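Next come the chains, spelled out residue by residue.
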Amino acid sequence: MMESRDVVIVGAGASGLMLAARLAEGGQSVTVLEAGPARQLSDLVSSQIWARKLKWSEPAVSESGDHKIGHAFNAGSGTGGSALHHYGVWLRMHEGDFTLQSDHGVGLDWPLSYADLAPHYDRVQTEVGLSGDADQERWRPQGAPYPMPPLPLFAQSRVLARGFEKTGRHTSPLPLAINSEPYEGRRSCQYDGWCDAGCPIGALGNPLVTWLPRARCRRATGAQRHGLSGHP
Ligand code: SF4
C-alpha cells in the first residue's frame, strides 16, 4: 500500500528542492520525484567529458509552438537539475525591468514590482550564499549587502577594468553564488573553474549543498527519497 504524503513535487531541480526544504522544515511530509539519476556531491567529477552527463541528452523539446530546441548547456537532468552546473552569476533584476510596457511600450508589465521581490532576494542570497560588492555594483537596486565579500579579480579582469576606467566606465565584481570564504559549513572556492561540472567541493551554490540537505534535515519530517535513492 502506498504511503500518503502531504506534498508530491515533480522535479529535483532548484525550485523543487527549495520548495521541498521549506515544506519539510514546516513539518510537511514531502516526496520528490525525479526522472534523472540520483546524485550527491561525491558523484561530481572535474572533467569536461563527465560534465556532459549532467546536461540534457534527451530529445529536443518544444517550449512553445512547434519549434523544437535542444537545451544542451542550459538544462540538466537528475538531482539538482540545471542548477547543478552553472557559473554562478546571480544578478538582480532592476526596477525598470518590471515596467517595460509602461516605460517603453514593449512586452508586458509584471504584476509585481522590484520592491515586492527585494526581501526575497535578500533572503535567498543568504540561503544560497552570494559573494559580491554591493557598493561597487552601483546599478544594483536597493537591497541587503551580499553575505560574502567578492571573489578576487584575476589578472585579465584587472586589465579589462583598467580599460573600462580609461573610457570613464565603472566596473564591479560580479555577484556570484560561489563562496569567497567558508560559508555555512561549505568550503571556499579554489578557483579551478569546474563550476560547469557542478563543483565537487561544494563551493558553488548548487541544490545538492543548499536545499537538499535542508529537505532531509532531522528537524524536518523528511522529504522522501523516491527517485533520489543512493543519497545518505
Ligand atoms: S571550487 Fe570554485 S571554481 Fe572550482 S568548481 Fe567550485 S566554485 Fe567553481
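Residues numbered from 1 in each chain as written. Predicted model: local features only at pLDDT ≥ 70, side-chain atom pairs only at ≥ 80, totals over all residues.

**A few points about the overall build of the protein chain**
Along the protein chain, the regular secondary structure elements total 6 helices and 5 strands. The linear arrangement of helices and strands in the protein chain, starting from the amino end, is β-α-β-α-β-β-α-α-α-α-β. For the protein chain, the spread of C-alpha atoms along the principal axes amounts to about 70 × 45 × 40 Å. Expressed as a percentage of its 232 residues, the buried residues of the protein chain come to 30%. (Helix = DSSP H or I, 4+ residues; strand = E, 2+ residues; numbered from the N terminus. Buried ≥ 20, exposed ≤ 12 C-beta atoms within 10 Å, placed from the backbone.)

**Side note on the site of the ligand**
Surveying the vicinity of the ligand reveals the residues Ile 178, Cys 189, Gln 190, Tyr 191, Asp 192, Gly 193, Trp 194, Cys 195, Cys 199, Ile 201, Ala 203 and Leu 204. Partitioned by chemical class, the residues of the shell around the ligand number 9 nonpolar, 2 polar and 1 charged. (Near = placed C-beta within 6 Å. Nonpolar A, V, L, I, M, F, W, Y, C, P; charged D, E, K, R; others polar.)

**A closer look at helix 1 (residues 14-25)**
Residues that lie three or four places apart on an α-helix share one face, since the helix turns once every 3.6 residues. With 12 residues, helix 1 extends 16 Å from end C-alpha to end C-alpha; this agrees with the ideal 16 Å at 1.5 Å per step. For helix 1, the full list of buried residues reads Ala 14, Gly 16, Leu 17, Met 18, Ala 20, Ala 21 and Ala 24. Where helix 1 ends, the next residue or the one after it, Gly 27, has phi of about 95°, a positive value. (Expected span 1.5 Å × (residues − 1).)

**A few points about the confidence of the model for the protein chain**
Mean pLDDT over the protein chain works out to 89, with 91% of the residues at or above the 70 mark. Note that residues 225-232 has pLDDT below 50 and, in this model, 17 contacts with residues that lie over four places away or in other chains. (pLDDT = per-residue confidence, 0-100. Contact = placed C-beta atoms within 7 Å.)

**Details of unusual backbone geometry**
The backbone of Glu 184 shows a phi angle near 50°, a positive value even though the residue is not glycine. Position of Glu 184 relative to the elements: it lies in the loop between helix 5 (155-166) and helix 6 (211-215). Its identity as a non-glycine residue notwithstanding, Cys 199 has a phi of 70°, on the positive side. Within the secondary structure, Cys 199 is located in the loop between helix 5 and helix 6.

**Some details on helix 5**
Taking 1.5 Å of rise per residue, the 12 residues of helix 5 would be expected to cover 16 Å, and the 17 Å separating its terminal C-alpha atoms lies within 8% of that figure. Burial of helix 5 is sparse: only 0 of the 12 residues sit out of reach of the surface. Immediately beyond the C-terminal end of helix 5, within one or two residues, lies Gly 168, with a positive phi of roughly 85°.

**Description of the pairing of strand 1 (residues 7-10)**
Pairing of strand 1 with strand 2 (residues 30-33) involves 4 bridges; the strand directions are parallel. Along strand 2, the bridge assignment pairs Val 8 with Thr 31. Handedness of the crossover joining strand 1 and strand 2 through helix 1 is recorded here as right-handed. (Pairing = 2+ DSSP bridges. Right-handed = clockwise from strand over helix to strand, strands pointing away.)

**A look at the environment of Val 8**
Looking at where Val 8 falls in the secondary structure, it is placed in strand 1. Accessibility expressed as a C-beta count within 10 Å gives 12 for Val 8, which makes it exposed. In the structure, Val 8 is positioned 22 residues away from Val 30 in sequence and 5.8 Å away in space, judged by C-alpha atoms.

**Overview of the environment of Leu 19**
For Leu 19, the location among the structural elements is in helix 1. In this structure the C-alpha to C-alpha distance between Leu 19 and Val 7, which are 12 residues apart in sequence, comes to 10.0 Å.

**Quick word on the environment of Gly 205**
The residue Gly 205 is located in the loop between helix 5 and helix 6 in this model. In this structure, the C-alpha to C-alpha distance between Gly 205 and Gln 125, residues 80 residues apart in sequence, is 9.9 Å. Beyond its immediate sequence surroundings of up to four residues, Gly 205 is in contact with Gly 88, Val 128, Gly 129, Ala 177 and Thr 210.

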